[in-house]
Amino acid sequence: GYRVSLQGNFFGCNQTYMAFLEYNPRKHIKLDPPLNIQSNATASKCQIWWNVWNVPWYLTEILQYELQYKEYSMSWEVAMNKTLPSSLPQVEIEATELRSGIAYAARVRCKVSENENSYHSQWSEWSQTTVFQRADVPKVSEKILNIKTMQYLFIPLSFGTLLYLFWNCKLSSRYCCFLTLGQKASPALTFPHQLLSFSLSIVCTMGILR
């Protein structure tokens, strides 16, 4: 450690003032603010990264960062603060924390981690700001939604109609046993033609929906 004293001439007398009896520079560090802060926002998250400058290599792995972000039009006094758990110079903000269509500003500062016993520092000054805006989630048009809905409904309805026709065919065939040979043919005889027409209508309708 070091001994720090101040000397001065006060009212014609030389005086010495002991500022620190034992001064350890490791316990009184103030780093330069991060620089080159950048951001990239998507519909799901926003990534922010930066660089540190003039920081000894043995301190870079024990740094602690604090992120501050706000709506661009708001004051920093109402900004959100996040102390980052990692010493990596990057962070992600989930899209759920951001409002769609609103521009945001973010900045960051650093210091030596409070969990470090060998060094101690105060927060650096804030970095320059980066501005970002959450990307909007693409909206599916109502026309596409209606077509998808019709496709999902058409399959079970078609299957149910086929079962209905098949069941009517069985009942009609049983009823035909009581008819004489000279009577008019049963509607069941026309079932293959109904089934063929119905199948063609299904194919045509599915082609239109696509």
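Within any chain, residue numbers begin from 1 and follow the written order of that chain's sequence. Where local features are concerned, this predicted model is filtered to residues with pLDDT of at least 70; where side-chain atom pairs are given and counted, the filter is 80 or more; whole-chain, interface and lining totals use all residues. Processing note: side-chain calculations cover all non-hydrogen atoms of the structure and skip hydrogens and water entirely.

Student: Talk me through the sheet that holds strand β11 (residues 130-133); I want residue IDs and the actual numbers.
Tutor: Reading across from one edge, β7-β6-β9-β11 is the order of the four strands in this open sheet, with antiparallel pairing throughout. The open sheet has two edge strands, β7 (80-83) and β11, and neither has a second partner. Geometrically, the sheet is characterised by an average inter-axis angle of 30 degrees between neighbouring strands, direction not taken into account. For two strands to count as paired, DSSP must find a minimum of two bridges between them. Numbering of helices and strands starts at the N terminus; helices are DSSP runs of H or I of at least 4 residues and strands are runs of E of at least 2. Relative to β7, strand β6 (residues 63-71) runs antiparallel, the two being bridged by four bridges. If you follow L67 over to β7, its bridge partner there is K82. Between the N-to-C directions of two axes lies an angle of 0 to 180 degrees, each axis being a line fitted to C-alpha atoms and, for a helix, fitted only over the stretch in contact.

Student: For the sheet that holds strand β4 (residues 35-41), give the residues involved together with the corresponding values.
Tutor: Across the sheet, three strands lie side by side as β4-β5-β8; this open sheet has antiparallel pairing. Every other strand in the sheet has two partners, leaving β4 and β8 (90-94) as the edge strands with one partner each. Strand-to-strand twist across the sheet, computed as the mean angle between neighbouring axes with direction ignored, equals 15 degrees. Sheet analysis places strand β5 (residues 45-51) next to β8, joined by five bridges and oriented antiparallel. Bridge pairing in β8 links K45 to E94.

Student: Got a sec to walk through the pairing of strand β9 (residues 103-112)? Specific residues and values, please.
Tutor: The rule is simple: take the accessible area with a 1.4 Å probe, protein chains only, and divide by the maximum for that residue type; under 20% is buried, over 50% is exposed, in between is partly exposed. The buried fraction of β9 is high, at nine of 10 residues. Both β9 and β11 contribute to a ladder of four bridges, which runs antiparallel. Note that in β11 the partner of A105 across the bridge is V131.

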